[in-house]
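Okay, here's what each chain looks like letter by letter:
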Amino acid sequence: MKKNNKREKGAYSKYSFQSVKILTINCGSSSIKYKLYSFPRGKLIASGLVERIGEQRSPISTHTEGMKLVFDKLLAGGAIKHIDEISAVGHRVVHGAEEFRQPHIIDKRVIKKIKECVNIAPLHNPANLEGIKAALHTLPKVPQVAVFDTAFHHTIPDYAYMYAIPIKYYKKYKVRKYGFHGTSHQYVAQKAAEILGRPFNKLKLITCHLGNGCSITAINKGKSVDTSMGFTPLEGLMMGTRCGDIDVAAVFYLMNKEKLSLHKIDNILNKRSGLLGVSGISNDMRPIKEAARKGDKLSKLALDMFIYRIKKYIGAYYMILEGADAICFTAGIGENNPELVAKIKRSIIKIIPKETKILVVPTDEGLMIASLTFNILRNTAGAKKK
Ligand code: ADP
């Protein structure tokens, strides 16, 4: 631990904060998405993707090898002349459970805690840990920060995050709503405040992140007060391959009828449901819209269900917030399907006053992660100086 602190102190003291390059890493089980920004302006210098890590016949067998490739690409593209130019790395970590309410500088304690969260996020946190290990291996002297998808939602009150099951399961296993896409909801809400020209902490906002994964958040005075995803990203809206809200008794029924194992039903609900499951065509909005346009009934049904559930959540959150200054749409579907947003808008404006703005705000989770990393770096350096 002592050794770590020494490393950190040395690492921070060299920054002038006039020109700092920050790398963000979003690690999946077989991919590394990266973006390099220069701060304080937050300018994107380079971005890219390393894929097929650990897959059969892939030349890249580990995340450490993948990370080396990231640096080779940054060097070859001229984004950096030497890897020493990178001042910090910001990592997206999906699940921070109750432990992490804000970004944290990664040390042994933080890694241990992220490992403990693997229990409740078996799909995501292991890949995020691989990315952290690989980056620490390649850049051992550079401060690294974990930014959690769940952290923005830590302000949700207990009556909204608790499930109505025996309390002992919360006490024993921390089964509750956590919420995800936090960096995106926070970024979009802050941008919306800029667009509206009003202070973030005075606004009531509903942010709709509609990508492959979809979630809606109610934000009151800068704080998340409810969100549609739950203990895992499965709850809430209909998504590309996830079913969203479902009566759990229907799940038991299916397991019994089809003699499904836990693994199989988990796979069906997470990977074979949603837009893909209903349309039978794709998890991607584009071919579904095309098929619906040509008269495919199941694609039309999938689209109707998708839109219906969004309207339902917007209505619920409008009620929870007792009004809204803006309803914001973002991510792949939210940003690129004006007719879908218009359809939702047409039903919203029948009930919601015209003062409530409907905004399309492109998300930038990479920039949010980089900004949070830059801030924590600057604050830590400031604290160390004092
Ligand atoms: P992820 O959650 O994987 O980051 P994205 O935010 O990229 O997902 O969103 C993916 C979804 O956005 C897909 O359903 C895709 O069809 C849709 N999408 C992306 N670009 C467009 C576009 N130009 N027109 C219509 N839909 C789009």
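Higher on the page you've got the structure.
Not measured: the values here are computed from a predicted model.

Conventions and cut-offs
Residues numbered from 1 in each chain as written. Predicted model: local features only at pLDDT ≥ 70, side-chain atom pairs only at ≥ 80, totals over all residues. Heavy atoms only, no water. Helix = DSSP H or I, 4+ residues; strand = E, 2+ residues; numbered from the N terminus. Buried < 20%, exposed > 50% of the residue type's maximum accessible area, 1.4 Å probe, protein only. Contact = heavy atoms within 4.5 Å. Near = heavy atom within 4 Å. Polar contact = N/O pair within 3.5 Å; in protein donor to acceptor, adjacent residues only side chain to side chain. Areas by Shrake-Rupley, 256 points an atom, 1.4 Å probe, with all protein chains shown as cover. Axes fitted to C-alpha atoms, helices over the stretch in contact; angles between N-to-C directions. Parallel < 35°, antiparallel > 145°, perpendicular 65-115°, else oblique. Left-handed = near helix turned anticlockwise from the far one by under 90°.

As for the overall build of the protein chain
Line of reasoning, step 1. If you tally the helices and strands in the protein chain, you get 15 helices and 11 strands.
Line of reasoning, step 2. Across its three principal directions, the C-alpha atoms of the protein chain cover 60 × 50 × 50 Å.
Line of reasoning, step 3. By the burial criterion, 50% of the 386 residues in the protein chain qualify as buried.
Line of reasoning, step 4. In the protein chain, 66% of the contacts between residues at least 6 apart in sequence involve partners at least 24 apart.

Quick word on the site of the ligand
Line of reasoning, step 1. Around the ligand, the surrounding shell consists of Gly 211, Asn 212, Gly 213, Asp 284, Met 285, Arg 286, Ala 331, Gly 332, Ile 333, Asn 336 and Asn 337.
Line of reasoning, step 2. Within the backbone of Gly 332, a nitrogen or oxygen atom sits 2.9 Å from an oxygen atom of the ligand.
Line of reasoning, step 3. At 3.2 Å from a nitrogen atom of the ligand is found a side-chain nitrogen or oxygen belonging to Asn 337.
Line of reasoning, step 4. Starting from 570 Å² of accessible surface for the ligand in isolation, the protein chains cover 67%.
Line of reasoning, step 5. Elements with a contribution of two residues or more to the shell around the ligand: α11 (285–293) and α13 (331–336).
Line of reasoning, step 6. The element best represented in the shell around the ligand is α13, accounting for 4 residues.

Section: the packing of helix α12 (residues 297–321) against helix α14 (residues 338–348)
Line of reasoning, step 1. For the pair α12 and α14, interaxial distance at closest approach is 11 Å and the crossing angle is 45°. One finds that α12 runs oblique with respect to α14. Our pair here, α12 against α14, has a crossing hand that is right-handed. On α14, the residues that touch Asp 304, Phe 306, Ile 307, Ile 310, Lys 311 and Ile 314 of α12 are Leu 340, Lys 343, Ile 344, Ser 347 and Ile 348.

A word on the side chain of Ser 273
Line of reasoning, step 1. For Ser 273, the location among the structural elements is in the loop between α9 (262–271) and α10 (274–279).
Line of reasoning, step 2. Within the structure, the side chain of Ser 273 is placed 2.6 Å from the backbone oxygen of Ile 268, a separation counted as a polar contact.
Line of reasoning, step 3. Once you skip the residues sitting within four places of it in the chain, Ser 273 turns out to touch Gly 240, Thr 241, Arg 242, Cys 243 and Ile 268.

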